[in-house]
Amino acid sequence: REVALFFLKNKDRLDKTQIGEVLGREPESAFIKDPEKDVEKGGKGFFVRVLHHYVYAMDFSNLEFDEAIRHFLSGFRLPGEAQKIDRIMEKFAERFTRQNEDVFPSADTAFILAFSVIMLNTDLHNPSIRPEKRMTLESFIRNNRGISVDGGDLPEEFLGGIFKRIQANAFSLKEDDDAREKESTDVMTDTFFIFESRGFFGTSAEERKREKFRQEREEMMAASEQLFKKRPHKNRDSGSSALSKEHAQLAESVSPADVVKPMFDVTWGPLIGTLAQMLETSEDNHIISLCLNGFVYSVRIASHSNMSLARDTFVNALTKFTTLGSIKEMQLKNIESIQTLLSIAIIDGEFLGESWGPVLQCISQLARLQLFASGLDEDDAFLSAGDKGKKREDKLGYFQGGDKLGYFRQNSLVDVNRETEEKNAGVVLAAVNEILIDKVFSSTVNLSALSMIHFIEQLINVSAAEISCEKKKNGMGIAGMSSSQHSAPRIFALQKLVEVADYNMDARPRIAWTKMWDIMAKHFATIGCHENAMVSMFAIDALRQLSFKFLEKPELHDFNFQRVFLKPFLLIMENPGSREDIRELVLRCVDNMIRSLSHNLRSGWKICFSILIISAGDESNNISTLGLAILQRLLDEHLGELCRRSCTDEFGDNALTTEVEKDTQEMSSLQRKMRNANAEDFVGLCYASLSFVQIEESENPLPIGLSMRALCHTACYADLIANERVLPPVFSQSTDPLSFGYTYEGLESGEAEEMALWRPLLDGLSAGICSTTKSNSGGVGCLVQRGSAMTLRAILLRHGNMFSVSQWAIILSHVVLPAMQSAAECDETNVAYIISESPSVSSLDFLADPLPLPPPPDDEGLIKFATTAMNAESAPSRPLGPVELLVEASFADLRHGGDCNLSRAHGLKKRSWSTKTSIEQPFPDSWVSTTAPLALGMLTDLIKCFFLDFGAEGRDILWPIILGQFQLWMLGPRNLENNSDDVSVLDNDYFDPFWRPCEALVRISCKEFNRILQLFSSTLDQMDNENAVAWWKLCCSDFADILSQNIALEVSIHEELVESKLAALQLKENGSTGITEQVITEQVITGLTTPYGRGRLLNRREDCYEHDGTSDVIPIWEVALEWGATLYGPEDCDLDGNVSEKVKESCVESIKDENASGAFRDDDSNSRVLEPQANSVTNIISRLVPALKVRCIAAHLLQQNFPNALNKLVGFTGEEEAGALIKALNSSREMACKANRDEDLSHAFQEAARSEWGDGVEEVEKALAAASGNTDDINRGECEMFFLTQESGANRAIIRLLSLLYCPEFDHHFPEQSWDRKDFSEPILLERIQDVLRKFLHSEEKDGHKVDPNVWLKASENGGKVPFFCTSFAGVVVIILNTVQKFGPEQFVRHKHKIYPLLCSLIQVQSEEIRLLVSDILLQQVGPLLDIDVNSNAQK
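Residues numbered from 1 in each chain as written. Predicted model: local features only at pLDDT ≥ 70, side-chain atom pairs only at ≥ 80, totals over all residues. Heavy atoms only, no water.

A ring pair, where both rings are aromatic, is described by two values, the distance of the centres and the angle of the planes. Applying the stated criterion across every chain yields a total of 45 aromatic pairs. Here the aromatic rings of Phe-550 and Phe-565 are separated by 4.3 Å at their centres, their planes lie at 5°, and the arrangement is stacked. One end of the pair, Phe-550, is in helix α23 (residues 533–551); the other, Phe-565, is in helix α24 (residues 561–565), with 15 residues separating them in the sequence. Here the two residues Phe-550 and Phe-565 agree in accessibility, since each one is buried. Clustering of aromatic rings is evident, with ring pairs tying together Tyr-54, Phe-60, Phe-65, Phe-72, Phe-76, Phe-92, Phe-96, Phe-104 and Phe-158. (Phe/Tyr/Trp six-rings, centres within 6.5 Å; stacked < 30°, edge-to-face > 60°. Helix = DSSP H or I, 4+ residues; strand = E, 2+ residues; numbered from the N terminus. Buried < 20%, exposed > 50% of the residue type's maximum accessible area, 1.4 Å probe, protein only.)

What follows is the structure, given as structure tokens:
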């Protein structure tokens, strides 16, 4: 650092040439030759440190780009070597980009433009360049097209400003202006390719001295020549002196090239004819030598005069005289022609341009002959794809074709040609030194950039011809391969292309090398997919070697050279024609690069991740397995190189320390870019792992183990984020969902930045949750879906404290809930159609249970599991994080059947996912049965662990979102337009508005909702009083609202079922054989808006009403509302967008299509009638009865467990909440009571059973009746079973709630100054007690003898299985008696006239349980009134 600052401070006193030489020294150079010396004290790499410190000490902020270059170059002169200039300007571009973030998108662009600006300065201000040949603004803009990111262009105004400023003011060193005027720089036609091999401006210091000496010598000779020209000639008179002087001045003003070119343009045609004729016919060595020299000079003159046609013609003619493209015996002049051609290639290669093509083809044939003569196997022997069983011909080809008579047959033309070629090969081997061939390729380092481009293009053409086995001759007369070659490809040119790349990689500036590599890379990518395995493997191996060499040099920040260099690997993987072994080889190369050079990888990570993502979707499981193995090894061994928590760029003032910068506003541009780059690489790593989680059905599904292992990776990434091993990026929220800077809408800047790292994990896991693939293995189903849900649950539970309320809202509404809903809607298995025979007896006992809360990270069992995992053979070197440990243990438990006891996970033996478990699931493909309980249970866990602590924010923001999901699965979608309080998550993209939940989802959601109520009850002591009261009131209100909505749906379905059934029966009784267009249209029309919400048009019918002897026909529309109810109204009802005649006609047309089995026919009344569908009544019943059953089950489940949560929480219940609960429960009771008395509904249930069971329904009913003891009346069935259960559950909940409010035993739950709960509850409680007991006694007297006596043994538990009031309400009667037993003395006395008669009647019932309770009440409540000693009677 001190040296750099000394140079900068004393730049006007020191030799700027020497400063430039020091700054450009090689990276390995040391000031002190001591390998153990520290780099800052003169050890290895000292001069590179000086360069970096020198650049870091300069400030380019707010400078124009050209002014920054001017300021940068004012302190030293650029050295001559290209690599030195490359290193210096690369560091400048990096520094400028960091300090001016808004100017260039990447340092690559600044790097390329910097060279272009330097060349522009040379072109505009070099006195040796004529004004008319200097660069224009248009050519400068053209030369810099496509240099921005992804081939974009820089603004023309920006480039125009640079051009004008440089045109007006050149770059110069004030003490070196005279020296610069003496120097000249060779300028090519296109200034983008003027980078000379020995430097951009000049040469090295020694070569510069020689150049100055040469210039001085030429100046002295020119001065002497002028003196001779000025001397008067003796044979000239004085009159001609003036004319001679004019001729001399004209000669001095004309360039020799301008004189030679027109002369040569006239003479080269006859000249080539003469040279060719003499060379063809003469055998004189002297004449042959003169002719060959003529070819050399002609090529040279044509090249320097830019006469490409003449140059190409001379080169083509010379290649023909080599006879390498034909089968002729070589003579001495042919050998000399070869030598001459090689000499031209080595000496004049700079000017050959497209003439390199025939030269390289000749060299290819020459190398083949030398290989043939040396006795080594040719390429075709190595690359031949022929059958191994065929006998190979010998080297001379004596057994090729024809008979095998050996010496007793006449030599064929093939044999003669082979012998000729053998002789030619011997002659070539002896006369042409192989070093000359190598010299042609090694000397390419001396070619300019433009010449190098021509050379590479022609070498690639030759390589393509060799590999494709082209045999046709080109216009140059050189065959792609000789007639004696086999059809197998050759790789000579490809090998030389690799050597040329190796020679020039370190000798070229990065900018020039990138342009060359862009051409070579396409060829390597094409050859890498060649059908010949050996050819493609050679190409990939060459890529591997070049990549390793290229990656040895670290890439500076903001550059993308690595990404460009490694792109051929990606192109090969993307090519659908590539073979499996080639793709495997590419992955092996990537693996080796990560293992050996991960510390140098920067922009190359993107290519590596892209390749791994492609491998995940490969049709071969071997490729996918290898890709994931590479990812696993990266995580286990090289995670530190990828997750650079410290943004330290070797050194520098703006480098980050290991401490995390919390205030992003105070971060430097370097810190921002480093963090963004690291975050983007981390996101790429996340996407690479998530690509192995199969989310769609595929013909070649990934092995289950790969998906599960990838899920473990996501757990590891979550731990990295939580531990701040990866820092969030710093950016402004992008509006493009596909860009890196986009997270979620609605977040503040800081929160959005934090979610940038979490989003790929959350979105990927949500996609896994709703995956449509069948991931069954070992008897366990939906493994990918369950594994994704378990992983997401582990992440949220372990690291949920990192998220704010706003972030939680986004996670729930954009990640968790949409995934759950999508998966539920897509489940089309039989589970969605299972309906239980009774609300209290479930047919869905196979549904999975929600997972218990995981043990803490320091749990002894988890620690043992971690120790066991770390001691395994393939254990990672890093410790397992909390989420990764939990997921690994959970998956180990899942592989063994999944009892969720993670404390024993360490003792489970390692087994594969395909191993059979002891318990097999009945519906393994059903997401609802396997994953839905786990997913919904996660919401309850989140409430317990985090949301309760958020207080008001949790209630106002998070709870409505969760409640919306519960409502979806309990009730189905609701109308949202008239309810502004609903959260935004319930939009049209969140659910299908016409989807309805099945019984399984209803049972799961009701169970979880009751778990939440129990959660409040268990956590009451941990919350402050205000928070507890607020949460409980909210739950009571929402419970009442959900139950009320469910009852409204139930009432609507009930009415629709009965009315539709009666209408269909009426049509049948009237003798109608069809459904006319005017009577009913069974077509769904969406888009209607009613005062009660949006809906769809179901039917249109005409009702006839008689009044005063006249009849009126009124059209009635039947509209199904989105929230489940059905609306009936006249045709002119208030529908948004009135239903027009066109809509009516479309209904009729639709019914024609839907009833293809029927046919329209014309009857006598010319009325078009449609044949009705078979069993139309049955169709109505089969559609509505299951829906009604599900609503009844939902009501029962809500009512069943709600009283259990009341014991501790009733004290927080206010009058408003109690009123809402009683109202909702009463509506449920009244609906069930009404439905239970509806004979039409009962018949509909019976018809539904017949439709389901067929002709055997009567036998089934008799068996059920016999089992229940109901042998006298078999007409009672499912309808009574369902609605009696619902009614009893509603009464049970009402009485339980009112008893807690009324009985003195529970007074301690309420605060002292509370509302008058006793006055509120007393009338309702007494009314319910009397009503239930009277109905129970009546039913017991009427139907009790029909019931099996065993049912009465425990009537409160078994009564719900028999469809009688007395059996269904036995449990309710027990609760009533327990309540009466808890009455205070005053309360009992006040109501004894109402209760006592009923108690006396209950003494006679068959239930012993009830009789004992009555006896206890008589002793405890009535005994004291009669002065009976309760204790003595109790003892008796």
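At a closest axis distance of 10 Å, the pairing of helix α35 (residues 860–870) and helix α36 (residues 882–895) adopts a crossing angle of 90°. One element, α35, and the other, α36, form an angle in the roughly perpendicular class. Across the interface between the two elements, Leu-862, Phe-865 and Ala-866 of α35 pack against Leu-885, Glu-888, Ala-889 and Ala-892 of α36. Its residues placed into classes, the contact of α35 with α36 shows six nonpolar, no polar and one charged. (Axes fitted to C-alpha atoms, helices over the stretch in contact; angles between N-to-C directions. Parallel < 35°, antiparallel > 145°, perpendicular 65-115°, else oblique. Contact = heavy atoms within 4.5 Å. Nonpolar A, V, L, I, M, F, W, Y, C, P; charged D, E, K, R; others polar.)

Let us now look at the packing of helix α25 (residues 567–574) against helix α26 (residues 580–597). Where α25 contacts α26, the axes come no closer than 9 Å and their chain directions differ by 150°. Classified by the angle their axes make, α25 and α26 are roughly antiparallel. The two elements α25 and α26 meet at a crossing, and its hand is left-handed. Between α25 and α26, the residues in contact are Phe-569, Ile-572 and Met-573 and Ile-582, Arg-583, Val-586, Leu-587, Cys-589 and Met-593, respectively. Each residue belonging to the contact of α25 with α26 can be placed in one class, and the counts come to eight nonpolar, no polar and one charged. (Left-handed = near helix turned anticlockwise from the far one by under 90°.)

Here we take up the pattern of salt bridges. Using the criterion set out here, one finds 35 salt bridges in the structure. In this structure, Arg-490 engages Glu-466 in a salt bridge whose closest nitrogen and oxygen atoms are separated by 3.4 Å. Of the two residues, Arg-490 sits in the loop between α20 (449–468) and α21 (492–505) while Glu-466 sits in helix α20, which places them 24 residues apart along the sequence. The buried category is assigned to Glu-466, whose relative accessible area is 3%. Its salt-bridge partner being Arg-595, residue Asp-591 comes within 3.5 Å of it at the nearest N-O pair. On the criterion of helical spacing, the pair formed by Asp-591 and Arg-595 is a turn pair, its members being four residues apart in helix α26. (Salt bridge = Lys/Arg side-chain N within 4 Å of Asp/Glu carboxyl O.)

What follows concerns the environment of Phe-682. As for its position among the elements, Phe-682 is in helix α30 (residues 669–690). Phe-682 gets classed as buried once you look at its relative accessible area, which sits at 1%. When the C-alpha atoms of Phe-682 and Leu-727 are compared, they prove to be 9.6 Å apart, with 45 residues separating the residues in sequence. In this view, Phe-682 contacts Cys-643, Tyr-717, Leu-720, Ile-721, Val-726 and Leu-757; residues no more than four positions away in its chain are not counted.

Our focus in this paragraph is the confidence of the model for the protein. Of all residues in the protein, 73% have pLDDT values of 70 or greater, and the mean over the chain is 77. Every residue in residues 231–240 scores below 50 in pLDDT, and together they form one contact with partners more than four places removed in sequence or on other chains. Taken together, the stretch residues 1133–1175 has pLDDT below 50 and engages in 64 contacts with residues farther than four places along the chain or on a different chain. (pLDDT = per-residue confidence, 0-100.)

As a further point, take unusual backbone geometry. For Asn-62, which is not glycine, the phi dihedral falls at a positive 60°. With respect to the helices and strands, the residue Asn-62 is situated in the loop between α3 (46–56) and α4 (65–73). Looking at Asn-62, the relative accessible area reads 76%, which means it is exposed. Here Asn-306, not a glycine, exhibits a phi torsion of approximately 60°, which is positive. Along the polypeptide, Asn-306 turns up in the loop between α13 (285–304) and α14 (308–320). By relative accessible area, Asn-306 is classed as exposed at 64%.

Here we take up helix α33 (residues 783–799). Between its first and last C-alpha, α33 extends 24 Å over 17 residues, near the 24 Å set by a 1.5 Å rise per residue. Within α33, 17 of the 17 residues are buried, which leaves it mostly tucked inside the rest of the structure. (Expected span 1.5 Å × (residues − 1).)

Relative to the helices and strands, Ser-308 resides in helix α14. Among the residues examined, Ser-308 registers a relative accessible area of 39% and is labelled partly exposed. The spacing of Ser-308 and Ser-355 is 47 residues in sequence and 8.4 Å in space, taken between C-alpha atoms.

Here we take up a nonpolar patch on the surface. On the surface, a nonpolar cluster with roughly 440 Å² of combined accessible area is contributed by Val-259, Val-260, Met-263, Tyr-297 and Ile-301. For the nonpolar patch, the secondary-structure elements that each account for two or more residues are α12 (256–281) and α13. Top element by residues in the nonpolar patch is α12. It accounts for three residues. By secondary structure assignment, the location of Val-260 is in helix α12. The exposure class of Val-260 is partly exposed, given its relative accessible area of 33%. (Patch = residues over 30% accessible without salt bridge, like charges linked within 9 Å, V, L, I, M, F, W, Y side chains within 5 Å. Areas by Shrake-Rupley, 256 points an atom, 1.4 Å probe, with all protein chains shown as cover.)

Before going further, it helps to examine the side chain of Arg-1003. As for its position among the elements, Arg-1003 is in helix α40 (residues 999–1018). A polar side-chain atom of Arg-1003 sits 3.2 Å from the main-chain carbonyl oxygen of Pro-839. A distance of 3.5 Å separates the side chain of Arg-1003 from the side chain of Ser-842, its partner in a polar contact. Residues within four places of Arg-1003 in sequence aside, it is in contact with Ser-836, Ser-838, Pro-839, Val-841, Ser-842, Leu-844, Ile-1193 and Leu-1197. (Polar contact = N/O pair within 3.5 Å; in protein donor to acceptor, adjacent residues only side chain to side chain.)

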